[in-house]
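Read off the chains here:
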Amino acid sequence: MTTGAKRLDYKETRISSLAVQQIGNMTEWQRKTPLEWLTYVNKEIEVLAAEKQKFKGWVLTVDPVSANILLANPLENGKVSVSGILGHAVQEVKILSEASDAMKEKLAHLFMPGESQTYSQEELEDKKSSLKNWLEKNHIPVREQGESQTTLCVAGVLTIDPPYGPEDCNSSNEIILSRVQGLIQSYLGLQQ
């Protein structure tokens, strides 16, 4: 039993020295906490990275595990260039400016779908009723479910959430999912 205890001590010592060695190789940037990295979001920064490379842009996010930085740079043609800088390569970070409200809005919606449309409750109710009637007319079993009865359930295996398009269908059965999405697509084609 004493040999087992010695082995355990040896392993603990070895692991501790490895952990200290890894922390010793971390850059100042990597040693920051997620809350400290959060203060850089929506700020224009200049980064000095390994091999004297410089990067400049607006901070979208910092990965809390790897300390990688995601920078956005608006281009003249209205598009945005996004680049990533590996956390271990970051040597120095300098804040250049704070984002205006317009820039914050642009950064926040950078990865949002372009055609995001909002519907009133009345419009959603009309869309739901119309789709439900059409499915029933085509002998497809459908019922309303959920607390507010906003979700359509098809044959007990597929749900359709507002705003009731093909992309709003959910099912673990891929065959049924594909077929119902096709039906809804043709239904929408008939509506136009």
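In the block above lies the structure referred to throughout.
Every residue gets a number counted from 1 within its own chain, in the order that chain's sequence is written. Per-residue local features are limited, in this predicted model, to residues with pLDDT of at least 70; the limit for side-chain atom pairs, both in listing and counting, is 80 or more; totals at the level of whole chains, interfaces and linings are taken over all residues. By convention in this description, side-chain values take in all heavy atoms of the structure and omit both hydrogens and water.

Trainee: What is the right way to look at the overall build of the chain in this model?
Mentor: Tallying secondary structure elements over the chain gives six helices and nine strands in all. The buried label applies to any residue whose accessible area, calculated with a 1.4 Å probe on protein chains only, is under 20% of its type's maximum; exposed applies above 50%, and partly exposed to all values in between. Counting all 192 residues of the chain, 27% fall into the buried class. By definition in these notes, contact holds between two residues if any of their heavy atoms fall within 4.5 Å. For the chain, contacts bridging at least 24 residues in sequence account for 39% of all contacts bridging at least 6. Counting from the N terminus, the helices are DSSP H or I runs at least four residues long and the strands are E runs at least two residues long.

Trainee: Is there a simple way to explain the pattern of salt bridges in this structure?
Mentor: Oppositely charged side chains can form a pair if their charged atoms are brought close together. Put simply, a salt bridge is a Lys or Arg side-chain nitrogen that is within 4 Å of an Asp or Glu carboxyl oxygen. If you walk through the whole model with that rule in mind, you get six salt bridges. For the salt bridge of Glu125 with Lys128, the shortest nitrogen-to-oxygen distance reads 3.4 Å. Taken together, the positions of Glu125 and Lys128, both in helix H5 (residues 121-137) and three residues apart, correspond to about one turn of that helix. When its relative accessible area of 38% is taken as the criterion, Glu125 is described as partly exposed. Between Lys132 and Glu144 there is a salt bridge, with the nearest N and O atoms lying 3.6 Å from each other. Pair noted here: Lys132 is in helix H5 and Glu144 is in strand E6 (residues 142-145), with a separation of twelve residues, a long-range link. Looking at Glu144, the relative accessible area reads 25%, which means it is partly exposed.

Trainee: Just to check I follow, could you spell out the side chain of Glu44 for this structure?
Mentor: By the secondary structure assignment, Glu44 is in strand E1 (residues 43-49). Two residue types count as positive, namely Lys and Arg, and two as negative, namely Asp and Glu; His and chain ends fall outside the count. Of the side chains bearing the opposite charge, Lys56 lies closest to the buried Glu44, which forms no salt bridge; the N-O distance is 4.2 Å. Not counting chain neighbours up to four residues away, the residues in contact with Glu44 comprise Lys56, Gly57, Trp58, Lys94, Ile95, Leu96 and Ser97.

Trainee: Honestly, the sheet that holds E1 in this entry has me stumped. Any pointers?
Mentor: The strands making up a sheet are joined through hydrogen bonds of the backbone, oriented either antiparallel or parallel. The five strands are arranged E4-E3-E2-E1-E5 in an open sheet whose pairing can be described as antiparallel. In the strand order of this sheet, the two ends are held by strand E4 (80-85) and strand E5 (90-98), each with one partner. On average, each strand axis in the sheet is tilted by 40° relative to the strand beside it, whichever way the strands run. Only strands that DSSP links by at least two bridges are regarded as paired with each other. Pairing analysis gives six bridges linking strand E3 (residues 69-74) to E4, with the strands arranged antiparallel. Bridged to Leu71 within E4 is Ser83. For helices, the fitted line uses only the C-alpha atoms of the stretch in contact; every axis is such a line through C-alpha atoms, and the angle between N-to-C directions lies from 0 to 180 degrees.

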